[in-house]
Amino acid sequence: MSPDRQTRVQTRFIEANGLRFETDVAGEGDRFALLLHGFPENKYSWRFQIPMLAEAGCTVWAPNLRGYGRSSRPPARSAYGLEHLTADVVALLAAAGRERPYRERILIGHDWGAAIAWAAAMEKPAPIDRLVILNVPHPALMRRGLGTARQLLKSWYIGFFQLPLLPELALGARGADAVGRAFADTVRDRRNFTDADLAVYRAAAAAPGALTAMLNYYRANIANPLMRAVSSESAPRIEIPTLVIWGEADHALGKELTVGTDRFVTDLTLRRLPGVSHWVQQEAPEMVNAMLAAFLAGDPVPDASTVRTDIEA
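Not measured: the values here are computed from a predicted model.

Cut-offs used in this document
Residues numbered from 1 in each chain as written. Predicted model: local features only at pLDDT ≥ 70, side-chain atom pairs only at ≥ 80, totals over all residues. Heavy atoms only, no water. Pairing = 2+ DSSP bridges. Helix = DSSP H or I, 4+ residues; strand = E, 2+ residues; numbered from the N terminus. Axes fitted to C-alpha atoms, helices over the stretch in contact; angles between N-to-C directions. Contact = heavy atoms within 4.5 Å. Patch = residues over 30% accessible without salt bridge, like charges linked within 9 Å, V, L, I, M, F, W, Y side chains within 5 Å. Areas by Shrake-Rupley, 256 points an atom, 1.4 Å probe, with all protein chains shown as cover. Salt bridge = Lys/Arg side-chain N within 4 Å of Asp/Glu carboxyl O. Parallel < 35°, antiparallel > 145°, perpendicular 65-115°, else oblique. Left-handed = near helix turned anticlockwise from the far one by under 90°. Buried < 20%, exposed > 50% of the residue type's maximum accessible area, 1.4 Å probe, protein only. Expected span 1.5 Å × (residues − 1). Bend = angle between axes of the 7 residues up to and from the residue. Polar contact = N/O pair within 3.5 Å; in protein donor to acceptor, adjacent residues only side chain to side chain. Phe/Tyr/Trp six-rings, centres within 6.5 Å; stacked < 30°, edge-to-face > 60°. Lys NZ or Arg CZ within 6 Å of the ring centre and 35° of its normal.

J.: Residues and numbers for the sheet that holds strand 6 (residues 130–134), please.
T.: Sheet strands pair via backbone hydrogen bonds, and the direction of the pair is either parallel or antiparallel. If you walk across this open sheet you meet the 8 strands as 1-2-4-3-5-6-7-8, and the pairing is mixed. Both outer strands of the open sheet, strand 1 (10–16) and strand 8 (268–273), are each paired with one neighbouring strand and no more. Taken pair by pair, the neighbouring strands of this sheet meet at an average axis angle of 20 degrees, ignoring direction. Where strand 3 (residues 31–36) meets strand 4 (residues 58–63), 4 bridges bridge the pair, whose relative direction is parallel. For Leu34, the partnering residue across the bridge sits in strand 4 and is Trp61. Packing against the sheet, helix 2 (residues 82–99) makes contact with strand 1, strand 2 (19–26), strand 3, strand 4 and strand 5 (104–110), and its axis sits at approximately 110 degrees to strand 1.

J.: So what about a nonpolar patch on the surface? Which residues, and what values?
T.: Together, Leu163, Leu165, Leu166 and Leu169 line one region of the surface with nonpolar side chains, adding up to about 410 Å² of accessible area. Tracing the chain through its elements places Leu165 in the loop between helix 6 (156–160) and helix 7 (166–184).

J.: Could you give an account of the packing of helix 7 against helix 8 (residues 195–206), naming the residues involved and the relevant values?
T.: Running from amino to carboxyl end, helix 7 crosses helix 8 at an angle of 135 degrees, the nearest separation of the two axes being 8 Å. With respect to each other, helix 7 and helix 8 are oriented oblique. Seen from above, helix 7 lies across helix 8 with right-handed handedness. The residues of helix 8 that touch helix 7, namely those facing Arg174, Gly175, Ala176, Asp177, Val179, Gly180, Phe183 and Ala184, are Leu198, Tyr201, Arg202, Ala205 and Ala206.

J.: Which residues make up the pattern of salt bridges, and what values do they have?
T.: Side-chain pairs of opposite charge can arise where the charged atoms are in close proximity. As enumerated under the stated definition, the model contains 20 salt bridges in all. Of the charged contacts, one joins Asp30 and Arg103 as a salt bridge, the two residues approaching to 3.0 Å between their closest N and O atoms. Of this pair, Asp30 sits in the loop between strand 2 and strand 3 while Arg103 sits in the loop between helix 2 and strand 5, placing them 73 residues apart in sequence. Relative accessible area serves as the criterion here: at 33%, Asp30 is assigned to the partly exposed category. By relative accessible area, which is 58% here, Arg103 ends up exposed. Where Asp185 meets Arg181, a salt bridge forms, and the shortest distance between an N and an O atom there is 3.9 Å. Residue classification places Arg181 among the partly exposed positions, given a relative accessible area of 36%. Within this structure, Arg31, Glu104 and Arg130 form a network of salt bridges that share partners.

J.: Describe the environment of Leu36, with residues and values.
T.: Summarising the element assignment, Leu36 is placed in strand 3. According to the relative accessible area criterion, Leu36 is buried, its value standing at 1%. Counting along the chain gives 80 residues from Leu36 to Ile116, while the straight-line C-alpha distance between them is 8.1 Å.

J.: Give me the lowdown on helix 7, citing residues and values where you can.
T.: The first and last C-alpha atoms of helix 7 sit only 22 Å apart over 19 residues, clearly below the 27 Å expected at 1.5 Å per residue. Where helix 7 bends most, the angle comes to about 115 degrees, and this point is Gly175. Packing partners of the buried residues in helix 7 comprise helix 6, helix 8, helix 9 (210–219) and helix 11 (280–283).

J.: Can you break down the side chain of Asn289 residue by residue, with the values?
T.: With respect to the helices and strands, Asn289 occurs in helix 12 (residues 285–297). Among the polar contacts listed, one links the side chain of Asn289 to the backbone oxygen of Phe48, at a separation of 3.0 Å.

J.: Before we move on, could you go through the packing of aromatic side chains and cite the residues and values that matter?
T.: Evaluated as defined, the whole model comprises 18 aromatic pairs. Both rings, one in Phe183 and one in Tyr201, keep their centres 4.5 Å apart while their planes meet at 25 degrees; by these two values the pair is stacked. Of this pair, Phe183 sits in helix 7 while Tyr201 sits in helix 8; the two residues are 18 residues apart in sequence, bridging distant segments of the chain. Here Phe183 falls in the buried class, since its relative accessible area comes to 0%. Ring pairing ties together the aromatic residues Phe39, Tyr68, Tyr80, Trp112, Trp156, Tyr157, Phe160, Phe161, Tyr217 and Tyr218, which thus form one cluster. Cation over ring: Arg130 sits above Phe295, and NZ or CZ is 5.0 Å from the ring centre.

J.: Can you tell me about helix 2, naming the residues and giving the values?
T.: Taking 1.5 Å of rise per residue, the 18 residues of helix 2 would be expected to cover 26 Å, and the 26 Å separating its terminal C-alpha atoms lies within 8% of that figure. When helix 2 is considered as a whole, its buried residues turn out to be Leu82, Leu85, Thr86, Asp88, Val89, Ala91, Leu92, Leu93, Ala95 and Ala96.

J.: How would you explain the environment of Pro164 if you had to name every residue and give the values?
T.: By secondary structure assignment, the location of Pro164 is in the loop between helix 6 and helix 7. Owing to a relative accessible area of 62%, Pro164 belongs among the exposed residues under this scheme. Taking the C-alpha atoms as reference points, Pro164 and Leu152, 12 residues apart in sequence, are found 21 Å from one another.

J.: So what about unusual backbone geometry? Which residues, and what values?
T.: Cis geometry is found at the peptide bond from Phe39 to Pro40, where omega equals -5 degrees. Within the secondary structure, Pro40 sits in the loop between strand 3 and helix 1 (49–55). Looking along the chain, the bond that leaves Lys124 and enters Pro125 is cis, with omega of -10 degrees. Among the secondary structure elements, Pro125 is positioned in the loop between helix 3 (112–121) and strand 6. Look at Asp111: it is not a glycine, yet its phi comes out positive at around 55 degrees. Turning to its location among the elements, Asp111 is positioned in the loop between strand 5 and helix 3. Judged by its relative accessible area of 10%, Asp111 falls in the buried class.

Nothing here speaks to function; it is geometry throughout.
Quick look at the structure:
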């Protein structure tokens, strides 16, 4: 399955919120899709979705988030607090809007990108029209889940990442081999995680200062006031159409964390993918793309059991 499908993807540096974001850009449609990657990924994790979204009539931006790749890398730990991360989203949306008007703005996030997207969607009024979340629960449900022994055991790494220097040494050893293994050891289907694919993530993490910036997402938000606010039971309700796609074989986040999402989201569509790992949009791009396409078209979103997987993603 080819990630480009002859769709032209350019890399641009977008100025937003006082930073420069290294961004893959494709499409010329009158809808705008902003894709937010997770940890320890980067914009490469959207290689299967960018062409599909462009062909579906979207202008697509997939930035490396602050601290990743060749995007700006602020040195202070506090610079990675959720208030700055959501401000980046608002600024990127504004930057796109200055280039041309769009009839719809779509925010799509996975892992840390999904956590940022949840928070951005709670702004009143939210600067987005549709929200897509991949394999991260609503912050209030995550906070609730961390009160259980089951999820605490799965989330042990969050505590480890608070330590100084040791996480950088562990993740960066042998050319960031542990970053490659974070995918290889937890994915169910390795077809889209070749050695060449893993080398992209390892090389990015091995760049000077990259791992500290990546880990600062965890360090700056363990007691962050905005994180506490969006993870409270009284968090602002999200009113825009929202699609949650969840790989049920997630090694770090239990599928039970999706239960109760409708309490916080008015217009919710939830689709679970049995046997698919946390790295859902890379491992099962056919399923994810079919669900995304239906959601953006306003059609019923198919269940995983009805999506053909023998077609090109």
